[in-house]
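Tertiary structure, described
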Amino acid sequence: MSWLEALILGLVQGLTEFLPVSSSGHLTIGRELLGVEASGDLVFEVTVHAATVLSTIVVFRKEILKLLQGVFKFKMNDETDYILKIIVSMIPVFVVGMFFKDYVEDLFASMTVVGLALLVTALLLFFSDFASKKAQAENSARNGISFWQAFAVGIGQALAVIPGLSRSGTTISTGLICGVKREVMAQFSFLMVLVPILGEAFLDIVGGDMAASSIGLLPLAVGFLAAFVSGLFACKVMIALVRKARLSWFALYCAIVGILVLIFA
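Residues numbered from 1 in each chain as written. Predicted model: local features only at pLDDT ≥ 70, side-chain atom pairs only at ≥ 80, totals over all residues. Heavy atoms only, no water.

Some details on the nonpolar core
- Grouped together as the largest cluster of nonpolar side chains are 42 residues, with contacts concentrated most on F60, F188 and L191.
- In this structure F60 touches Q187, F190, L191, C235 and I239, once residues within four positions along its chain are discounted. (Core = buried A, V, L, I, M, F, W, Y, C linked by side-chain atoms within 4.5 Å. Buried < 20%, exposed > 50% of the residue type's maximum accessible area, 1.4 Å probe, protein only. Contact = heavy atoms within 4.5 Å.)

A short note on helix α5 (residues 78–99)
- Taking 1.5 Å per residue as the helical rise, α5 with its 22 residues ought to reach 32 Å, and the 33 Å between its terminal C-alpha atoms agrees with that figure.
- Along its length, α5 shows its largest kink, about 35 degrees, at I91, and proline P92 lies within four residues downstream of that point.
- Buried within α5 we find E79, T80, D81, Y82, K85, I86, V88, S89, M90, P92, V93 and V96.
- The N-cap residue of α5 is N77: its side-chain oxygen and the backbone nitrogen of E79 are 3.2 Å apart. (Helix = DSSP H or I, 4+ residues; strand = E, 2+ residues; numbered from the N terminus. Expected span 1.5 Å × (residues − 1). Bend = angle between axes of the 7 residues up to and from the residue. Polar contact = N/O pair within 3.5 Å; in protein donor to acceptor, adjacent residues only side chain to side chain.)

Brief notes about the side chain of T80
- Note on placement: T80 falls in helix α5.
- A relative accessible area of 14% places T80 in the buried class.

Some remarks on unusual backbone geometry
- You will see that S22, though not glycine, has its phi angle at about 75 degrees, which is positive.
- In this model, N143 sits at a positive phi of 65 degrees, which is unusual for a non-glycine residue.
- Checked against the element boundaries, N143 lands in the loop between α7 (111–135) and α8 (147–159).

Below is the structure:
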């Protein structure tokens, strides 16, 4: 992978991570179009995902600091309740990472899987716009989300390891359908992914996968910076869109791309 290819793929990752269109699916499509070899691509993917996590931390730095301050008071308050719900949401993706990692990695080689998953993303986004209106009428849970809703959203995140199935789209849609309000779901969806992705990046470094990768340090660094900068922009845009705009427009986009992928796969 050259530094220019890494730059392009980093920009793709940063712009699509927060938009409900599947960053992993677009990375797979991008690699196919650029002719980038599949070897080492998961290390690159973890690297650029870590970059977008860092951009999330920058955007939500005040909220994260407030949560940490509340937790270290060592009592059950709103901040501790929120953190516990984030932990609950991470259980499904932890199970997938522990027991199904090899199977998930094999899916990244299939453009057909990407195309089909994009169509599923489109259906989820389209349905959530209609199903969420009545469901959100009454929600008295603390912090606007209950433990069962957090777990349900976590299941959505675990399923979204499939390339083409948007993580933000799946988690936000699941939350909306379960009755979580848009403004609550916008923040929860982005914060719940911090620990899993940073944890995976840490394990890659400790386990030697980063050093053993066929991708050089320069492309990894360029991809990281590109994903971080573009991720800052996309994160702020997506927060505003989730709170106000209809997700069905993204559903249309995912449906078109999914159909094109299946035609030309």
